[in-house]
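# Understanding the architecture of this molecule
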Amino acid sequence: MVQCFFMMDEAPEFDPQHSFYCKQISKNLAINIYKNKSWGTYRHLLLEESPKIICDDTYAYFKTRGDMSSFEWSEGALTKQVPLKKEQLLISTYYSSINFKDIMASTGRITPEILDPHRLGQECLIGFEFSGVDLSGRRLSGMINAQGISSYVTCDSSLAWGVPDSWSLEDAATVPVVYSTVIYALLMVGNMKPGSTILIHSATGGIGLAALNLSLHYGCDIYVTVGTQEKREYLRKNYPQISDRHMGHSRDTSFELMIKRETKSRGVDFILNSLSEDKLHASIRCLARGGQLMEIGKYDLANDNSFNSLFMEREATYHGIFLDDVFRNVKEMKSKVVKHLREGIKSGFVKPLPRIVFNADEIEKSYKYMLAGKHIGKILIKLRNENKDNQIRTCNINKLEIVSNPRFQCGRHFTYIIIGGLGGFGLELSDWLVLRGARKLVLTSRSGIQNGYHQQRINIWISYGVEVKVSTDDVTTEAGCENLIKEASTLGSVDGIFNLAVVLKIALFKNQTEENFHAVLEPKAYATLHLDRVTRKLCPQLKYFVVFSSLSCGRGHVGQSNYGMANSVMERICENRKRDGLPALAIQCGAIGEVGLLARMYEENEELVIGGTLQQKISSCLEVLDVLIKHEYPVVSSTVVAEKYHKSDNPSAVAAVAHVIGIKNMKTISQYTTFPELGMDSMMNTEIVQLLEKDFEIYVTSKDVRSLTFARLTEMEAEKINRSGNTTCDKTHENTNFLIEYIRNIENSQLAAVRLNSRVGLSGGAPIVFVLPGVEGLLKPLEYLTNSLNAHVIGVQYNYKNPEESIEEIAKNALPHIEIYLSRNNPFFLIGYSFGTLVGLEIISLLEEKGYIGTIILIDGSPKYINSFVKKLFTQEKEKTDFHTAFLSKISFMIPLDVFSQHEETLLNSKRLEQGINLLTSLIPSKMSNKLEKQAAITVYKRCNAMFNYTFKNKKIISSVHLVKARLAVVGDRDDYQLSDISENLAQVITIDGDHVTILNNQDLVQAVNGIIKPPLQLSI
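Throughout what follows, the structure given in this document is the object of discussion. All figures in this text were calculated on a predicted structure; none of them were measured in a lab. (Residues numbered from 1 in each chain as written. Predicted model: local features only at pLDDT ≥ 70, side-chain atom pairs only at ≥ 80, totals over all residues. Heavy atoms only, no water.)

### Details of the overall build of the protein chain
- Counting its regular elements, the protein chain contains 36 helices and 37 strands.
- Classification of the 1021 residues of the protein chain by burial places 54% in the buried group.
- Contacts spanning at least 24 positions in sequence make up 72% of the contacts within the protein chain whose residues lie at least 6 apart.
- In the form shown here, the protein chain has an accessible surface area of approximately 46,600 Å², with 50% of it arising from carbon and sulfur atoms. (Helix = DSSP H or I, 4+ residues; strand = E, 2+ residues; numbered from the N terminus. Buried < 20%, exposed > 50% of the residue type's maximum accessible area, 1.4 Å probe, protein only. Contact = heavy atoms within 4.5 Å. Areas by Shrake-Rupley, 256 points an atom, 1.4 Å probe, with all protein chains shown as cover.)

### Some words on unusual backbone geometry
- Here the phi dihedral of N191 falls at roughly 50°; this positive angle occurs in a residue that is not glycine.
- Of note in the backbone geometry, Y977 takes a positive phi value of approximately 55° without being a glycine.
- Mapping Y977 onto the fold places it in the loop between β36 (960-966) and β37 (986-992).
- Y977 gets classed as buried once you look at its relative accessible area, which sits at 3%.

### So, the sheet that holds β37
- The mixed open sheet is built from 7 strands, whose spatial order is β31-β33-β32-β34-β35-β36-β37. The two strands at the open ends of the sheet, each matched to only one other strand, are β31 (753-756) and β37. Between one strand axis and the next, the sheet turns through 20° on average, direction left out of account.
- Of the pairings in the sheet, the one linking strand β32 (residues 768-772) to strand β34 (residues 828-833) comprises 5 bridges and is parallel in character. Bridge assignment links I768 to a residue of β34, and that residue is F828.
- Strands in contact with helix α36 (residues 1003-1013) are β32, β34, β35 (855-859), β36 and β37; relative to β37, the strand with the most contacts, it is inclined by about 165°. (Pairing = 2+ DSSP bridges. Axes fitted to C-alpha atoms, helices over the stretch in contact; angles between N-to-C directions.)

### Examining the side chain of T197
- Examined against the element boundaries, T197 turns out to sit in strand β12 (residues 197-200).
- Within the structure, the side chain of T197 is placed 2.9 Å from the backbone nitrogen of D269, a separation counted as a polar contact.
- Not counting residues up to four positions away in its chain, the partners in contact with T197 are D221, R266, G267, V268, D269 and F270. (Polar contact = N/O pair within 3.5 Å; in protein donor to acceptor, adjacent residues only side chain to side chain.)

### Notes on the packing of helix α18 (residues 514-538) against helix α20 (residues 561-579)
- Taken N-terminus to C-terminus, the directions of α18 and α20 make an angle of 10°; their axes are 7 Å apart at the nearest point. As summarised for this structure, α18 and α20 are arranged roughly parallel, according to the angle between their axes. Within the contact between the two elements, α18 uses N516, F517, V520, L521, K524, A525, T528, L529, D532, T535 and R536 and α20 uses S561, N562, Y563, M565, A566, N567, V569, M570, I573, N576 and R577.
- Partitioning the contact of α18 with α20 into residue classes produces 11 nonpolar, 7 polar and 4 charged. (Parallel < 35°, antiparallel > 145°, perpendicular 65-115°, else oblique. Nonpolar A, V, L, I, M, F, W, Y, C, P; charged D, E, K, R; others polar.)

### Digging into the packing of helix α5 (residues 176-189) against helix α6 (residues 206-217)
- Contact pair α5 / α6: the axes reach a minimum separation of 8 Å and the direction vectors enclose 55°. Comparing the axis directions of α5 and α6 gives the class oblique. Considering how the two elements wind past one another, α5 and α6 form a crossing that is right-handed. Judged by residue contacts, V178, Y179, T181, V182, I183, L186 and L187 of α5 engage G206, I207, A210, A211, N213, L214 and S215 from α6.
- Grouping the amino acids of the contact of α5 with α6 by side-chain chemistry returns 10 nonpolar, 4 polar and no charged. (Left-handed = near helix turned anticlockwise from the far one by under 90°.)

### Observations concerning the sheet that holds strand β16 (residues 287-295)
- Read across the sheet, 6 strands follow the order β14-β13-β12-β15-β16-β17 without closing on themselves; strand pairing throughout is parallel. Either end of the sheet is taken by a strand with one partner, and the two such strands are β14 (247-249) and β17 (317-320). In this sheet, neighbouring strand axes are inclined to one another by 20° on average, regardless of whether the strands run parallel or antiparallel.
- With respect to the sheet, α6 is in contact with β12, β13 (221-226) and β15 (268-273), its orientation differing from that of β12 by roughly 165°.
- This element, helix α9 (residues 278-285), spans β15 and β16 of the sheet and lies at about 145° to β16.

### Observations concerning a nonpolar patch on the surface
- Side chains of F6, I31 and Y42 sit close together on the surface and give an oily, nonpolar patch of about 230 Å² of accessible area.
- Using a relative accessible area of 33% as the deciding quantity, one classes I31 as partly exposed. (Patch = residues over 30% accessible without salt bridge, like charges linked within 9 Å, V, L, I, M, F, W, Y side chains within 5 Å. Salt bridge = Lys/Arg side-chain N within 4 Å of Asp/Glu carboxyl O.)

### Focus on the pairing of strand β23 (residues 467-471)
- Pairing analysis gives 5 bridges linking strand β22 (residues 440-444) to β23, with the strands arranged parallel. In the sheet register, L443 faces β23, and the bridge partner there is V470.
- Read as a crossover between parallel neighbours, the route from β22 over helix α16 (residues 452-463) to β23 is right-handed. (Right-handed = clockwise from strand over helix to strand, strands pointing away.)

### Quick look at helix α8 (residues 255-262)
- Listed as buried for α8 are F255, E256, M258, I259 and E262. Taken end-on, α8 shows its buried residues confined to a sector of 160°, consistent with a single buried face.
- On its buried side, α8 packs onto β12, β13, β14, β15 and α9.
- Phi turns positive, to about 55°, at K264, one or two residues after α8. (Arc of directions from axis to C-beta.)

### Re the pattern of salt bridges
- Taken as a whole and assessed by the stated rule, the structure comprises 37 salt bridges.
- K378 is the partner of E129 in a salt bridge, and the nearest nitrogen-oxygen pair spans 2.6 Å. Of this pair, E129 sits in strand β8 (residues 129-134) while K378 sits in strand β19 (residues 378-382); the two residues are 249 residues apart in sequence, bridging distant segments of the chain. Of the two residues, E129 and K378, both sit in the buried class.
- The residue R355 makes a salt bridge to D171 at a minimum N-O spacing of 2.9 Å. In this pair, R355 is assigned in strand β18 (residues 355-359) and D171 in helix α4 (residues 169-172), connecting sequence segments 184 residues apart.
- Each of D532, R536, R577, R579 and D580 takes part in one network of salt bridges that share partners.

### A word on the side chain of S638
- Tracing the backbone shows S638 in strand β29 (residues 635-638).
- If near-sequence neighbours (up to four positions away) are discounted, S638 is found in contact with Q588, C589, G590, Q616, V624 and L628.

### Quick word on the packing of aromatic side chains
- Per the counting criterion, the structure on display carries 20 aromatic pairs.
- Centre to centre, the rings of F20 and Y34 are 5.1 Å apart; their planes meet at 80°, and the pair counts as edge-to-face. Here the residue F20 occupies a position in helix α1 (residues 19-25), and Y34 occupies one in strand β2 (residues 31-35), the gap between them amounting to 14 residues.
- On the basis of relative accessibility, which here comes to 23%, the residue F20 falls in the partly exposed class.
- Taking 6.5 Å as the distance between ring centres and 85° as the angle between the ring planes, the aromatic pair formed by F828 and Y852 counts as edge-to-face. In this pair, F828 is assigned in strand β34 and Y852 in the loop between α30 (835-849) and β35, connecting sequence segments 24 residues apart.
- Residue Y852 is classed as buried on the basis of its relative accessible area of 9%.
- Stacked on the ring of F948, the Lys or Arg K871 has its end atom at 5.9 Å from the ring centre. (Phe/Tyr/Trp six-rings, centres within 6.5 Å; stacked < 30°, edge-to-face > 60°. Lys NZ or Arg CZ within 6 Å of the ring centre and 35° of its normal.)

In structure tokens, the structure reads:
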């Protein structure tokens, strides 16, 4: 047995016979530490659950979109200590309210990009109005762009107004968003005149009641819809001006007949709409000629549903009412809204609405109550108790004590230093710091900016208003560290230092050298030692001193003795700093996937088990920082233990879905009853789709869920489990089946270019798009996308009967069929999917040589990515075999196992490809519906071989390049699939839920591509 003794305090010279050591030796501990005048050892102990904190400054958010149970309160950004801009007010919030937009955002029915196009504002998108008291004691109500369910809000002074003396703050909280919305929609956008006719949907909701009050004030002829008899009775009692004949039902399309009957088929001048799908179409048919529909629901607008023909028939106008535009608009627009609102308060049509009030610890309950659709008026969240006399002074504002999650926040005026900041992990950490408020970054790198990807990330941060400096100071010397700190301090006081630098020199201990040890120790041990000394002198206000250690230190790893030592030195420095009352934290990280050193070493997207741990996703690493950085321990660890990786809370998809629907005993229901018949509503539908994808990797659409039964879900889960034994093999078969399904359909394959259906007709005015399909060569798999494009679409098919030998040859043959459509004065777009990305890049290179500049959209592909995928696909079983043998082996799964075993040797040892394909196709049973034809096999082989051997050899592309990639990658690669290496203008990288195949039927892909082809139409005025 080996015993190690580490003496951190003064002690006698080591002697096993010395009484000082004898007793400790007898304990048989592997690691023995003498520290603080006592013996101990090092152990990994489970960190207690993330400690909650009592906060006065806190805000509410949903951790997981679509999961109502993930509501949490989070520590705020110390709003009271942040200097206010001239036009800002700091409000102590008494009441916030919930709006339908909050529901849409938290359930995932609209994407964060729709609500806020900027990443900085997308983390917390709920809470848009408040009532409270400012620093001078004034009672105010107003609106904020987001994060309004908060103990303190910072708002634009032009979007806040005084509360009338006769109103309570509870009254005031029912007013801002609903009245601002109807004023903006009907008065400012619609220019509504007295005597107009109007249809108000969901008239007992907050916006509906506000619209009723405004419309009555203007003497309008009003029609309404409601969802229940209770709500109809409420209107009868409180709005006797509206007759029963003017009340319709909002949960079906019967209101259309009411409007036609009561208006003698004329229709109405205005519709305030929040309905979707068939009810939205029926609403449009209710418009009078020249009428206006005000869309406040956003759902169909966000999903880009087309209603052009319906509006054209009526010469009507469609307005998307984005109150968000008011927040982002010039001060005059904000002032105009507030002016109308103040006038409405004076004239009496802006008045408090009925409401139900929930406490701060009942937000989840309040959301579910609103989802049920039973409320009338507004739903409020109460944060503070209000004095009954409405007289409030700042000294009387009670501090809140809300249990919240700790949250790391950066100070906007401080500087943050990231050692190794241009590495994969360093870039992600820097981005996380920016999202947490950092506006001054210093990134160190021995070699500085190396590629376009580095520059792209920095440019993004600069666009957010971040000052970024890249330093090449040598942090392995004390002089270099001192120079770095002084340079960083010119931006602002240094608040945090993060050391992520790493050098690996792996070898067994007997083969290690002194040079190897020095190389590994320098960026970690030496740099941390120098930073410790320098910051003690130059950074008295330093709050965070964080170094990233490794499990190779805490647990050991073969070949990494020098690396373990370097990390151990850093940890001891952190312990010393903590002892001296200075900030310090060493985080022992396990293997990190997706980015960083390990991701570069293992290019393929494999789930590696290293020392009993799995790779931890970078998102998980950053999320856990909130917990670790708040602890007082000098050394902590973050790992994903392999044996505890699988979820156990809901052991099956069936149990998880039953829990969502509210079924407690599965024996009480039929396994063949559809989910809607069991009580699933539209919100549960969204939650189930996300749950099945996130926790069980079962991919279904909302439409699929409506016809799903527990019996079918059980089958789907069994299929998933059966595949999990050999994921790579099954994925190979799935992709091969995908090829075979389409490549056998040779209809129109002789046509090199065909015009495809899309959302635009034959008239001009729309851009032209060329679509290049995957390896199957046909456009059938891309129909869902092409049918939904706002462009003229030309599909380019590859030669089926005489397939080319190389990507370059395919591109040259396709080029003439594309060039006949081009004009140098008009923009054009190339869309390539998978194999088609390679063809597209070659084509655009050829076009650039001729002087054309366009835009190329690459769907889940790039030269490096596709090449890695094909090499993984055809070399993982028998790396030394030639390509045609590996190819035959992969597609032989169509042969029955007993038949294959008899002919395996002959098939796989065939000298010529044609000989092997003849044998393979003859062995596939003729009764199989997807029997592989000889020509299909040859075509697939040649295209796969072309991908296997392809390298992009042209000049860097100067046209705009957009990558739309699948979240579930086939192989591991850089975020940009290494496209920045071949492109001068990589415009953006968009990630879509799904895998290489399923993203083709994802509505998000359609939205992303349409957004690139043509900027979204601005519908609001």
